[in-house]
Amino acid sequence: MYPLGFLPFFCSLVPEWGAVAAALVLPVLVLALWFYYAIVVARYPSAHGGDDGDSDSDAAPVHLPGSALAHIRPFFHRRFDFINEGFQLAGQAIYQFSLLRTPVIVLSGEAARRDFFQAKDLDLNAGFKFLSGAIPMMPGVTSDLEARRIALIHKRLAAAQTTDRLARLLPQIVEDSRRTMDTWGFSGTLDPFERLSELIFQTTVRCLAFTELADDADAVRRLKSLYDVLDTATTPATVLLPWLPSPSAVRKLLATKRIYDIIGTKLDERMQGGIARDDTPQMLIDAGDERLIIIGFIMGLLVAGARSTGTTASWLITFLSGHPLWKERAAEEVRRLIAAHAGSGAGAAAAHAPSEPSTPSCSTSTSTPSSCQWHQQQRHHQPPPSHPHANENTASSLAPLAATLSAIPLAAWETETPTLDALIRETLRVAEPHVAMRQYLPQSTAAAGEKGGAPLYLGGKAVPPGAFVMYPFSDVHLSPEVYKDPWRWDPARAEMSLKAPHTYVGMGAGDTTCLGKRLATLELKLVTALFVLGFDELRAVDGKGAPLAELPRPNWNDILTCKPPAGSCYVRFGRTVGATAVAAATAVAPAPVPTPAASSPAGPASASMEVLTRP
């Protein structure tokens, strides 16, 4: 692309063949010189007449052996392995390496973890922008924002999660989940890492974007496919050399532009139509926020929320499909909620349920695209002949159960679900491959307009101004010194009650906790409740439908979704029969079983752990 711009100039000086050769060679030569400066001169300034500075060599983190070029590919494609191998090669708990000209310092250990989460001058936005690159980057919209705008976005996100707002969103989240799950059919096999991701994206659009957009299933699918393009088109080149017009960079640019157009069009239609809706964008409109703020709020938070929450939901349902005792414990807890807050008996569910004919029809005023295509969906998802409910025609929809769950107040979901809390917490520990990324930008120096500044000490090692710092959550979450058998999914583990600071950082720690934690937790609880009561059968199977003897281990090298190898794990499901589902959901629950969080090491919860590694 760039060489073509040189061609007319060289044609005026030399013959055409020489002009073509010069136009192609010159950019390559310039790029090679830039790489030489970035890797050799910038990294080892003293060898080329530079100043070493007066920093204490003992306080500087040790350099990882090897060239900066050799670090790029494994950092982006095998990050979990690369970080752990780095600790082994460096022989220390803190080391540094370079991505072209950029120094990156990797931390581990209790002292460094404490200092990292308590430091005031580590910029999260700058670190995430440089080291991740998997969000739509539009200057002034989702990136390069002033501190004032970032603070405003954080304020609006908090306002979108008030008790009143979440209480109104609760039945909408349940209904969106129900509609999506109804399209899967009565029974079958699903890929949890695809279907749960789609479901959570739908509910996140409902919570953070326009109602009109959330109601348009085709538009939501198109929007998700564009965000998927951002994931697949994120390469080392697009992150480190964003100015280089590579094919991946062009794909990211086009996808970002299309996302912007979809959201911008919905905003313009809302503003021109003059009809207010009870949704998050309307809150921003009513507050008088700028157009770019509203679009940037939706663009950035959709991917941040849906991707992380989708990963957690996918693994949570996968773990439950391999641990039937925990599925039953979660179901029992939800039954107790229903008995306490939504009334008892099938009549209570019927009172909240929408009126639906036993056979869905497109002639009703309440019919939806999913109900109109009910027969087609059933043909694609017929239960096998041996299925115990193969001849049952009831419970084609989860609507009665969804209505019952929607009647439970928000406070009950947030404060009376210790089992669901334990499931989510343990899933985040085992299957959230997060690496906290920051850049050290001294605020006092920046405010004074000065360059440089004093180093920041983390874990006893000096971090120079401008350097990037990383803390991998695996350092504590997968540490055998903190968690016994750390790869084992065990919501009842006693280590979760440890009082030591920062032994669990599932949704952040210190001053940088997840800003969408309240909304994400609610989504996960509601989806899990629908699964554990709406499906009699949840079983992890392989590609041939055979039950898995052991669940796959989360792939922490997949930094976005943590997916296991393709085709290694599916979930076979069978819907709870309609009358049974309503009765089971609304029946008065027996005396509570000991919750996992409260069970003693010798109690029933821990005694069952020996068999929970098999389905």
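Enquirer: Lay out the sheet that holds strand β2 (residues 95-99) in plain terms, naming residues and giving numbers.
Expert: Here we have six strands laid out as an open sheet, ordered β1-β2-β3-β9-β6-β4, and mixed in their pairing. Of all the strands in the sheet, just β1 (62-63) and β4 (122-123) have a single pairing partner and so form its edges. With two bridges joining them, β1 and β2 adopt parallel strand pairing. Paired with V62 across the strands is Y95, a residue of β2. Against the sheet, helix α3 (residues 68-77) touches β2 and β9 (468-472), its axis set at about 95° to β2. Running over the sheet, helix α4 (residues 79-90) touches β1, β2, β3 (102-106), β6 (435-440) and β9 and is turned about 130° from β2.

Enquirer: Describe in detail the packing of helix α8 (residues 163-182) against helix α9 (residues 192-208), supporting the description with residues and values.
Expert: Between α8 and α9, whose axes approach to 9 Å, the crossing angle comes to 150°. Between α8 and α9 lies a crossing of right-handed hand. Residues R165, L169, Q172, I173, D176, S177, T180 and M181 of α8 form the contact with α9, whose participating residues are L199, Q202, T203, R206 and C207. Residues that form the contact of α8 with α9 fall into these classes: five nonpolar, five polar and three charged.

Enquirer: Give a description of the nonpolar core that names residues and reports values.
Expert: Core analysis: the largest hydrophobic core is formed by 121 residues, its most contacted members being L107, W184, Y227, V334, L405, W413 and F531. With residues up to four places along the chain from it excluded, the contact list for F531 reads M181, W184, L196, I317 and L538. A90, Y95, V239 and L241 belong to the second largest nonpolar core, which has 22 residues in total.

Enquirer: Please set out the pattern of salt bridges residue by residue, giving values where relevant.
Expert: Tallied over the entire structure, the rule returns 33 salt bridges. Between K257 and D261 there is a salt bridge; the shortest N-O distance is 2.7 Å. Of this pair, K257 and D261 both sit in helix α13 (residues 247-273), separated by four residues, roughly a single helical turn. Taking the relative accessible area as the measure of exposure, K257 reaches 42% and is therefore partly exposed. Looking at D261, the relative accessible area reads 30%, which means it is partly exposed. One continuous salt-bridge network, built from bridges that share partners, spans E175, R178, R179, D182 and R575.

Enquirer: Tell me about the environment of T234, and please be specific about residues and values.
Expert: Relative to the assigned elements, T234 resides in the loop between α11 (217-232) and α12 (236-240). On the basis of relative accessibility, which here comes to 19%, the residue T234 falls in the buried class. Considering only alpha carbons, one finds T234 and S248, 14 residues apart in sequence, at a separation of 7.0 Å. At a separation of 2.5 Å, a polar atom in the side chain of T234 contacts the main-chain carbonyl oxygen of L230.

Enquirer: So what about unusual backbone geometry? Which residues, and what values?
Expert: Here the phi dihedral of L100 falls at roughly 60°; this positive angle occurs in a residue that is not glycine. Within the secondary structure, L100 is located in the loop between β2 and β3. Residue L100 is classed as buried on the basis of its relative accessible area of 5%. Although it is not a glycine, C562 sits at a positive phi angle of roughly 60°. Checked against the element boundaries, C562 lands in the loop between β12 (535-541) and β13 (570-575).

Enquirer: Break down the confidence of the model for the chain for me, citing the residues and quoting the values.
Expert: Considering every residue of the chain, the mean pLDDT works out to 79; 72% of them sit at 70 or more. Counting contacts from residues 344-395, a segment whose pLDDT is below 50, to residues more than four positions away or on other chains yields 70 contacts. Predicted confidence is poor over residues 588-615, with pLDDT under 50, and the contacts of this stretch with residues over four places away or in other chains come to 49 contacts.

Enquirer: Tell me about the side chain of T528, and please be specific about residues and values.
Expert: For T528, the location among the structural elements is in helix α25 (residues 517-534). Here the side chain of T528 touches L524 through a polar contact of 2.7 Å, landing on its backbone oxygen. If sequence neighbours within four positions are ignored, T528 has contacts with L316, L320 and L420.

Enquirer: Please provide a residue-by-residue account of the sheet that holds β13, values included.
Expert: Pairing is antiparallel across the open sheet formed by three strands, whose spatial order is β5-β13-β12. Both edges of this open sheet fall to β5 (187-190) and β12, since each of them pairs with a single strand only. Across this sheet, the average inter-strand angle for adjacent strands is 15°, counted without regard to direction. Relative to β13, β5 runs antiparallel, the two sharing four bridges. Within the sheet, the bridge partner assigned to T189 lies in β13 and is R572.

Parameters at a glance
- Residues take numbers from 1 onward in each chain, read along the sequence in its written order.
- A pLDDT threshold of at least 70 governs which residues receive local features in this predicted model, and a stricter bar of 80 or more applies before side-chain atom pairs are shown or counted, although totals over entire chains, interfaces and linings include all residues.
- Excluding hydrogens and water, the side-chain figures rest on all heavy atoms present in the structure.
- Strand pairing requires that DSSP identify at least two bridges connecting the strands.
- The secondary structure listing takes helices from DSSP runs of H or I that are at least 4 residues long and strands from runs of E that are at least 2 residues long, numbered from the N terminus.
- By the convention used here, residues are in contact when the closest approach between their heavy atoms is within 4.5 Å.
- Interaxial angles span 0 to 180 degrees and are taken between N-to-C directions of axes, which are lines fitted to C-alpha atoms, for helices over the stretch in contact.
- The crossing is said to be left-handed when, going from far helix to near helix, the turn is anticlockwise and less than a right angle, and right-handed when the turn is clockwise.
- Ten residues, namely Ala, Val, Leu, Ile, Met, Phe, Trp, Tyr, Cys and Pro, are considered nonpolar, four, namely Asp, Glu, Lys and Arg, are considered charged, and the remaining ones, Gly among them, are considered polar.
- By convention a nonpolar core is built from buried Ala, Val, Leu, Ile, Met, Phe, Trp, Tyr and Cys residues, the set being connected through side-chain atoms within 4.5 Å.
- With a 1.4 Å probe rolled over the protein chains alone, any residue whose accessible area is under 20% of its type maximum counts as buried; one over 50% counts as exposed, and the rest are partly exposed.
- The salt bridge definition used is simple: a Lys or Arg side-chain nitrogen within 4 Å of an Asp or Glu carboxyl oxygen.
- Here a polar contact is taken to be a pair of N or O atoms separated by no more than 3.5 Å, where protein atoms must pair a possible hydrogen donor with a possible acceptor and residues adjacent in sequence count only if both atoms sit in side chains.
- Each residue carries a pLDDT score, the predictor's own confidence in it, on a scale running from 0 to 100.

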